[in-house]
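Read off the chains here:
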Amino acid sequence: MPKLDLNTIEPRIGSDYPAPFDAPCKIRSGLRLSDAGGLTQFGANLITLPPDAWSSQRHHHSAEDEIVCILSGHPTLYEDGEGIPLSPGDVTVHPMGDGIGHHMKNETEADVTFLVIGGRNPETDHAVYPDIDLDLPANGTAKRVYQRKGGAVYEGG
């Protein structure tokens with residue numbers, strides 16, 4: 001199965017963030033390309049952001065690299081400061097362990113589409129969300145649980 005039929009892949013709408021942190025991402029759509037192709041070493045997702053959607057909450061990873069290639073539209077990349085306008089063909093890289101939170105917002109009136117490829121190390125990765133009361137610590141398994149930064153399990157949404 002070297003060629004994927006994108007029309008047969010069930011889109012994933014929204015995010016798995018607990019409420020209220022899921023709100024900016026509720027209308028994003030993603031195709032899990034690596035899952036559809038049976039790949040296990042890395043994740044590859046084709047994401048569509050309608051106007052006003054966010055790619056994610058601003059975050060960084062301890063044990064997962066990410067690379068993003070903009071295919072269409074003009075999102076804005078937010079890191080630890082001002083927004084950086086992006087265009088089709090632009091590529092952003094987010095090395096694991098750099099501590100630089102990142103995410104994109106579609107602040108235009110047209111859809112944005114991008115390919116994101118990243119590591120798959122949930123057993124050892126700790127994702128940090130510096131703007132909100134949320135952490136996703138590694139727990140030695142693929143099933144991680146969002147927590148409040150103080151350590152309590154998040155019981156929202």
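Scroll up a little and you will see the structure.
Conventions used here
- Residues numbered from 1 in each chain as written.
- Predicted model: local features only at pLDDT ≥ 70, side-chain atom pairs only at ≥ 80, totals over all residues.
- Heavy atoms only, no water.
- Pairing = 2+ DSSP bridges.
- Helix = DSSP H or I, 4+ residues; strand = E, 2+ residues; numbered from the N terminus.
- Axes fitted to C-alpha atoms, helices over the stretch in contact; angles between N-to-C directions.
- Polar contact = N/O pair within 3.5 Å; in protein donor to acceptor, adjacent residues only side chain to side chain.
- 1 Å grid on protein atoms, 1.4 Å probe; cavity = no way out; pocket = protein on both sides within 12 Å on 5 of 7 lines; lining within 4 Å.
- Points joined across faces, edges and corners; volume = space filled by probe spheres on them.

**Q** Even after reading the chapter, I still don't get the sheet that holds strand E6 (residues 76–78), so can you show me in this structure?
**A** Backbone-to-backbone hydrogen bonds join strands into a sheet, with any given pair of strands oriented parallel or antiparallel. Pairing within the open sheet is antiparallel, and its three strands lie in the order E7-E6-E9. The open sheet has two free edges, formed respectively by strand E7 (83–85) and strand E9 (103–105), since each of these has just one partner strand. Taken pair by pair, the neighbouring strands of this sheet meet at an average axis angle of 35°, ignoring direction.

**Q** Would you mind going over the sheet that holds strand E4 (residues 60–61) with me for this structure?
**A** Strand order in the open sheet made by the three strands is E4-E11-E12, with antiparallel pairing throughout. Looking at strand neighbours, the two that pair on one side only are E4 and strand E12 (134–136), the edges of this open sheet. With three bridges connecting them, strand E11 (residues 127–129) and E12 associate as antiparallel partners. For Ala 127, the partnering residue across the bridge sits in E12 and is Leu 136.

**Q** What should I look at first to understand the side chain of Ser 15 in this one?
**A** Within the secondary structure layout, Ser 15 lies in the loop between strand E1 (12–13) and strand E2 (29–32). Polar contacts involving the side chain of Ser 15 include one to the main-chain amide nitrogen of Tyr 17, which spans 3.3 Å.

**Q** Help me understand the pairing of E2, please; the structure alone is not making it clear to me.
**A** Regular strands place their side chains on alternate faces of the sheet. By the bridge criterion, two bridges tie E1 to E2 in an arrangement that is antiparallel. Bridge pairing links Arg 12 to Gly 30 in E2. Here four bridges tie E2 to strand E3 (residues 42–49), and the two strands are oriented antiparallel to one another. Residue Gly 30 lies in a different strand from E3, and its bridge partner there is Ile 47.

**Q** When you look at the layout of surface pockets in this model, what are you seeing that I'm missing?
**A** If you roll a probe as big as a water molecule over the atoms, it shows you where there is empty space left. Size it by volume and the largest pocket reaches roughly 1,200 Å³. As for the largest pocket, its lining consists of 42 residues, and the residues nearest its centre are Arg 12, Asn 45, His 61, Glu 64 and Glu 66. Looking at the lining of the largest pocket, the elements with two or more residues in it are E2, helix H1 (33–36), E3, strand E5 (66–72), strand E8 (91–94), E9 and strand E10 (112–119). Element by element, the count of residues in the lining of the largest pocket is highest for E10, at five residues.

Such coordinate-based values are descriptive only and should not be taken to indicate function.
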